[in-house]
Amino acid sequence: MGAYRDHYRRSIEARDEFWADEAKLIDWQTPPSQICDFSRPPFVRWYVGGRTNLCHNAVDRHVATRGEQTALHFISTETDAEVKYSYRELHAEVNRVAAMLQSLGVGQGDRVLIYMPMIPEAVFAMLATVRIGAIHSVVFGGFASASLATRIDDAQPKVIVSADAGMRMGKVVPYKPLLDAAIDLAAKKPARVLLFDRKLEPMALKAGRDVDWAALRATHHEAAVPVAWVDSTHPSYILYTSGTTGRPKGVQRDTGGYAVALTSSMRKVFALDPGETMFCTSDIGWVVGHSYIVYGPLLNGNTTIMYEGVPLRPDPAIWWKICAENNVKTMFSSPTAIRVLKKQDPDYMKRHKLPALRYLFLAGEPLDEPTARWVSDALGGTAIIDNYWQTESGWPILSAQIAVEDTPRKFGSPSFPVYGFDVVLKSEDGSAVGADQKAVLTIRPPLPPGALSTVWGDDERFVSTYFGSFRDEALYNTFDWATRDADGYYFILGRTDDVINVAGHRLGTREIEEAVQGNALVAECAVVGVADSLKGQVPVAFVVLKDPSQAGDAARSAIAQTVDREIGAIARPAAVHFVTLLPKTRSGKLLRRSIQALAEGRDPGDLTTIEDPSALAQIKGALGIA
Ligand code: AMP
């Protein structure tokens, strides 16, 4: 492990020199005068004095050298569409959309909220936004009106970009009515809404506010919009993520640090040379989509495949067909997707020869050993690489770094710290952590380039949420438990907080509880994450009704509908159990962990602080445990 270790050590011990070298991977209009300003911890400013532009680095600079290479290859098995955009064509589209946004009044520093299905126009909108120095906030299309409204109020976008509808499993999923409802709910309304009409669903435009994409595009067909050179520290985007409170946090990313870290990670972690092809199956609404469908591959001059569809349609071989036909070298997906494929006829995995597919990266949730082994056997020669990170980090914190050194992998482990991340295992009581001992995974600041710079509009929340956990040192808390074995391999054991992970998507149990409580029948509730063989975890709700005689299927489905409306179907409880009392401590704190343990068939732990033990008996009764 010599090469890995030396490289990693240099990134920590010779930090500025290391990141000065990596900065050469991108174009700077003005080179930085200082690599790392950590004079106001825990805040860090990377590449101070440098001026650059994310869109220039992702698009413009490739036009001269690889203008005819496919930059974005869109495949939809929902609408049976397939379109390829060369770097030259992508450049032209992005210029048009940049001009369109400017015509709607968007200027440097303004926010553009993007609520779109997986279509190329969403990527154009992201790149066009950063081209003109504005800040995008992509909201996952599966989020419903109330969640969207919270994000509108926090980001206060000048313009929202959206579409008539998405498609999932052959069914039209309307976007426009949800967007209209969200804008009605929001306290701060956007001035204009730009709407791409896929002609999937009739869409009424609101006069004076809504603008049709195609009509506006026609007037900007020949547009050439110069890139806005911005400070390296200028925010490029905001991406909301769930925490322990009901209020999502806007993870704010810079420009220069993100461009450098992402380009570097494409080479060293994902092992792609410019010109090669990557297929990431995530959605642009999540951090993996931002970093490895859009920015990483384009910054590195790769071809990126954008896929609208599910892994099972038209048949469960579709992803491997895409890989085979397009010489995909690196694929990125999630453990849940692989568990879905594992349930299908194994012949689908063998239908296509995949000589080009070297690496399958999996992230977002724990990759259990049987799934890792299964996919490794099924794909034969493809290396399976578990990598661990978060919305906040922007790129992997733990992973094998193939192009630095092809270190052996252990199933169940995302291997080692990635360069730049000074990972520290911290025990809760401050004692030293030995091999295989469970501790909190933390990062000693400064966080490396590419990680969040702050929480949008709330520096205080950034400091108190992430750096306020340990008395002796202001370490960044990932809120994940981990161990490290005697060989230095890390293993992730789950969250330390009340955040759950459903099919790789992070949801706050508090957030779901607030949604459930939004139903008029509900007096009180507790939501816990329960282990699930397919999705990793699913939310399960224990509900106290105002009128207990209403307990039954009608109340269950009413509660499910409320959650769908408030957050979206991803947060819908897999089960709703009715009780008349919830287990709480004498000081009124919900004993979520005990409820969760019971729901997973484990010992509920220390119950000495419980106010009324009969509450636990009710939970057991609801779960059918004697
Ligand atoms: P998100 O910010 O939505 O990407 O969620 C990040 C969280 O997902 C982490 O804090 C972990 O709890 C979990 N996670 C991500 N990747 C992995 C992985 N490879 N193994 C285990 N857990 C992971």
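Note that the structure is a prediction, hence the values are computed from the model and not measured. Counting of residues starts from 1 at the beginning of each chain's written sequence and follows it residue by residue. At least 70 in pLDDT is required for a residue's local features to be given in this predicted model, at least 80 for side-chain atom pairs to be given and counted, and no such filter applies to totals for whole chains, interfaces and linings, which use all residues. Water and hydrogen atoms were dropped before computing side-chain values, which therefore reflect all heavy atoms in the structure.

Draft legend 1. Up close: the packing of aromatic side chains. The rule is short: rings of Phe, Tyr and Trp, with Trp giving its six-membered ring, pair when the centres are within 6.5 Å, and they are stacked under 30 degrees, edge-to-face over 60, tilted in between. In the structure shown here, the tally under the stated rule is 36 aromatic pairs. Ring centres 5.9 Å apart and planes at 20 degrees place the aromatic pair Tyr4 and Tyr8 in the stacked group. Of this pair, Tyr4 and Tyr8 both sit in helix H1 (residues 2-13), four residues apart, which is roughly one turn of the helix. Following the ring pairs from residue to residue traces out a cluster consisting of Phe18, Trp19, Trp28, Trp46, Tyr47, Trp395, Tyr419 and Phe421. Note on criteria: charge over ring means Lys NZ or Arg CZ within 6 Å of the ring centre, with the direction from the centre no more than 35 degrees off the ring normal. Residue placement shows Arg40 over the ring face of Phe43; its charged tip is 4.5 Å from the ring centre. For the cation-ring pair, Lys438 lies above Trp481, with the distance from its terminal atom to the ring centre recorded as 4.6 Å. Secondary structure follows DSSP: runs of H or I at least 4 residues long count as helices, runs of E at least 2 residues long count as strands, and numbering of each begins at the N terminus.

Draft legend 2. Fine view of unusual backbone geometry. Look at the link from Pro41 to Pro42: it is a cis peptide, with omega at 5 degrees. Structurally, Pro42 is set in the loop between strand E1 (34-40) and strand E2 (43-48). Residue Arg313 is joined to Pro314 through a cis peptide bond whose omega torsion reads 0 degrees. The residue Pro314 is located in the loop between strand E17 (303-308) and helix H11 (318-325) in this model. Even without a glycine there, the phi angle at Ala271 is positive, about 55 degrees. One can find Ala271 in the loop between helix H9 (256-268) and strand E16 (277-280). Under the relative-accessibility criterion, Ala271 is labelled buried at 10%. Its identity is not glycine, yet Phe479 carries a phi of approximately 65 degrees, on the positive side. In this structure, Phe479 sits in strand E24 (residues 476-484). Throughout this description, buried means an accessible area under 20% of the type-specific maximum (1.4 Å probe, protein chains only), exposed means over 50%, and partly exposed covers the range between.

Draft legend 3. Representation of the domain arrangement of the chain within the structure. What counts as a domain boundary in this text is fixed by an automatic or database domain assignment. Each domain of the chain was delimited in the assignment, giving domain 1 (87-228) and domain 2 (499-623). Using only C-alpha atoms to locate each centre, domain 1 and domain 2 end up separated by 36 Å. Throughout, a residue-residue contact means that at least one pair of heavy atoms, one from each residue, lies within 4.5 Å. On the domain 2 side, the residues contacting the seven residues of domain 1 number seven residues. Computed with a 1.4 Å rolling probe, the buried area is the accessible surface lost when two parts are put together, summed over both parts. For the domain 1 and domain 2 pair, buried surface summed over both sides reaches about 480 Å², with 54% attributable to carbon and sulfur atoms. Three residues, Phe143, Ala144 and Ala146, lead the burial of domain 1 against domain 2; their summed loss comes to 56% of the area buried on that side. Salt bridge, as used here: a side-chain nitrogen of Lys or Arg that lies within 4 Å of a carboxyl oxygen of Asp or Glu. Here domain 1 and domain 2 share zero salt bridges between them. Pairing of N or O atoms within 3.5 Å defines a polar contact, subject to two protein rules: one partner must be a possible hydrogen donor and the other a possible acceptor, and residues neighboring in sequence count only if both atoms are side-chain atoms. Along the contact surface separating domain 1 from domain 2 lie two residue pairs in polar contact (both at pLDDT 80 or more).

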